[in-house]
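Breakdown of the fold
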Amino acid sequence: MSSLTESRSVTGRQGGRRMPRLFGEVGPALPAFLLIVFFFVAPVVALLLRSVLEPVPGLQNYETLLGSATYIGVFANTFIVSTVVTAAALAIGFPVAWALVVMPMTWSRIVFAILILSMWTNLLARTYAWMVLLQRTGLINKMLMAVGLTDEPLTLVNNLTGVTIGMTYIMLPFVILPLYGVISNIDKAVLRAAALCGANRWQALTRVLLPLAAPGMAAGGLMVFVMSLGYFVTPALLGGTSNMMLAELIAQLVQSLTDWGLGSAAAFVLLLSTLVLYGLMLKFFGTSRLGGQ
Amino acid sequence: MTVPFLKIDGIRKEYGPVVAVEDVNLTIERGELVTFLGPSGSGKSTTLYILAGFEKPTLGDIRLNGQTLLSTPSHQRNIGMVFQRYTLFPHLSVGDNIAFPLKVRRKSKADVTERVREMLKLVRLEGYEDRKPAMMSGGQQQRVALARALAYDPPILLMDEPLSALDKKLRDELQHEIRRIHHETDVTILYVTHDQEEALRLSDRIAVFSKGRIDQVGTGPELYADPATRFVAEFVGDSDFLSCRVTHSQGGRANVVLGGDFAVEGVPLHDERGTPGEGALLLRPERIDLSRSEPTGWRGLPVRVDDVTFLGSNVHVIAQTGWGETVSVRLPFGHEHISGLSRGDEAWLRFDPNEAHVFV
Ligand SMILES: Nc1ncnc2c1ncn2[C@@H]1O[C@H](COP(=O)(O)OP(=O)(O)O)[C@@H](O)[C@H]1O
Ligand SMILES: [Mg+2]
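Residues numbered from 1 in each chain as written. Chains lettered and ligands numbered in written order. Predicted model: local features only at pLDDT ≥ 70, side-chain atom pairs only at ≥ 80, totals over all residues. Heavy atoms only, no water.

Points about the overall build of chain B
Inclusion rule: Numbering of helices and strands runs from the N terminus, with a helix taken as a DSSP run of H or I at least four residues long and a strand as a DSSP run of E at least two residues long. Buried, partly exposed and exposed residues are distinguished by accessible area as a fraction of the type maximum, computed with a 1.4 Å probe on protein chains only: under 20%, between the cut-offs, and over 50%, respectively. Per-residue accessibility takes into account occlusion by the displayed protein chains alone, with areas from the Shrake-Rupley method and a 1.4 Å probe. Under this rule, positive means Lys or Arg and negative means Asp or Glu; His and the chain ends count for nothing. One atom stands in for each charge, and that atom is NZ of Lys, CZ of Arg, CG of Asp or CD of Glu.
The helix and strand tally for chain B stands at 8 helices and 20 strands. For chain B, the spread of C-alpha atoms along the principal axes amounts to about 80 × 45 × 40 Å. Buried residues in chain B amount to 51% of all 360 residues. Accessible surface, chain B: about 16,700 Å² in total, of which carbon and sulfur atoms supply 48%. One finds the centroid of the 43 positive side-chain charges in chain B at a distance of 7 Å from the centroid of its 50 negative side-chain charges.

Re the UniProt feature "transmembrane region" (unreviewed entry) in chain A
All names here are of chain A. Selection rule: UniProt positions are given in the numbering used here, feature names are shortened, and annotations may be inferred rather than shown by experiment.
Using the residue numbers shown here, the UniProt feature "transmembrane region" (unreviewed entry) corresponds to residues 26–49, 69–98, 110–133, 160–183, 208–233 and 260–280. The span residues 69–98 is 100% helical and 0% strand by assignment, and the distance between its end C-alpha atoms comes to 43 Å. This span, residues 110–133, is 92% helix and 0% strand, and a straight line between its end C-alpha atoms measures 24 Å.

As for the interface of chain B and chain A
Selection rule: The contact definition used throughout considers only heavy atoms, calling two residues in contact when any of these lie within 4.5 Å. By definition, the buried area sums, over both parts, the 1.4 Å-probe accessible area that each loses when the two are put together. Each reported salt bridge corresponds to a side-chain nitrogen of Lys or Arg within 4 Å of a carboxyl oxygen of Asp or Glu. N or O atoms closer than or at 3.5 Å make up a polar contact, with two conditions inside protein: a donor-capable atom paired with an acceptor-capable one, and, for residues adjacent in sequence, both atoms drawn from side chains. Under the scheme applied here, ten amino acids are nonpolar (Ala, Val, Leu, Ile, Met, Phe, Trp, Tyr, Cys and Pro), four are charged (Asp, Glu, Lys and Arg), and all others, including Gly, are polar.
Opposite the 27 residues of chain B that make contact, chain A presents 20 residues. For the pair chain B and chain A, the two sides together bury roughly 2,000 Å², of which 63% comes from carbon and sulfur. The interface formed by chain B and chain A holds 2 salt bridges in total. Between Asp187(A) and Arg85(B) there is a salt bridge, with the nearest N and O atoms lying 2.9 Å from each other. Where chain B meets chain A, there are 5 residue pairs in polar contact (both at pLDDT 80 or more). Looking at the side of chain B that touches chain A, the elements with two or more residues in it are helix 1 (44–52), strand 6 (80–82) and helix 2 (94–104) of chain B. With 4 residues, the top contributor of residues to the side of chain B that touches chain A is helix 2 of chain B. Its residues assigned to classes, the side of chain B that touches chain A comprises 14 nonpolar, 5 polar and 8 charged.

In structure tokens form, the structure reads like this:
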């Protein structure tokens, strides 16, 4: 380790330029590195320890979590909502990203500006706005009734429907941006070739465009799914009291019931499932991206 | 009157204020290999894209066996195309790329396998079935693209500068392959290139594009022997141009004067409506004879030799007229007046007025 540091700094000096020398040495980065260990690893370890030590040492917190229908229900809610949100965000985000690539520059600039501005707008403000839109007398119910799709106002808020709608909206930019990058890098001549080969729009989409955009879908989808698993604000504001999501449960366990052990165990289960998913994705798309079999 | 196989009828294409293609007319016979030859930006690709259905013409019609193609979308035209860039599907193997047009046509599995094998054999890539495009060279990728474009037996194959990204040796090899495949399959090929040598080597007929129009259509020898415009003369083969003054013209022939006093009579005249009286005389370097001494039986154009280059089977002489214009002359090796010819020597040039052309 020290000899490596040594030899790097020597080449840095021979090169005579400041930048490589600065970046070639590990030494100056050490405090930041320790900080990262402290901030990122320590809380996880603390979490794990609390989940198996409180209130008494043992795995009883995990037994409680996995043995109770209520808690299993919360896990199920969390995974179902996250899956639906991810699927919806991809289904809406893909055509939007495609449109952004093919539309004239002036138009796409405007759409990008709207996307970015919405991301800069305060999260709470945006979520409250959805609350207003989704309530029984809100704009969406009024429109649905005006068109005649429903006679009675639908309950779109204080339940998982509201949570799903609100989170899909929040997550959209996180799929649109990576997908835009991937799609704009696809050579449009390849799609023309597909058309002349006889592929109609649907075949060109499913057999060429989607496979080529898969890395962007995976990156955006994973990001959204993982963020959704632990999302708190939107479920707390748009969700109901009966159908909780995991982040709400953890908050309740820790804040209201001060049950740190059970809260930590729930958080740890969330972390583990996220890691497993991430590993699976990496295994799936990490190699195909490199053009392997 | 029989219906022509493929008819490009008065095509015009505007992109905003830019006129990319203007009044393009061409009739193509079944089984022909026709090249679109012209410099970059002359409208070759645009014409091809209109045939492929990627662009709609502003005016005009494309008819295949008398039926308009314009109302048929690209994916139903059943036309093959090889592009300038590599357009194989990067996520599919070579075999799956060739199978793609067959699978979207819902051919049976056995047919697909059989056809893919035939196509790989046609382009001489047997055994490459499972490779990914990224693991093949540019030349191999274009072969696969050719196989993919021919797999569904299209009546027409479009090729847009497919070899321009390859080096000379590979290009020669693939030109040869394209010729062979054209003979073996009887497909009608429309081939775009900016390389006159490639056009001459490949085509049955060449359409010379200039500024969005077709200047002339003909076989290589026809274009070379009888260019319709100055542009065609310059673009196909080597050429010498001398400025001249037209003194008399009648029945497609003209009498001209070079450099004040050298008269040439009965030269074929091509009227491009330039400045009246002013013209350019076209000579072909290998159709000019050179003499070291003042000729007696005929009147030679006196020149001074600027440079002599030995090029193997022929010798390239650069000479200058008394009024300062340059003429290049190609003489066969062993020509009686070549030995000892060097820079600064006096010489006299002779040419047949019937083989020259005047453009005014
Ligand atoms: N999509 C387009 N938009 C605007 N102008 C275009 C477009 N495509 C081609 N052009 C113009 O049309 C002319 C002919 O182009 P092209 O057919 O590509 O020429 P070539 O293939 O002979 O090089 C050029 O001046 C080019 O700039
Ligand atoms: Mg072109």
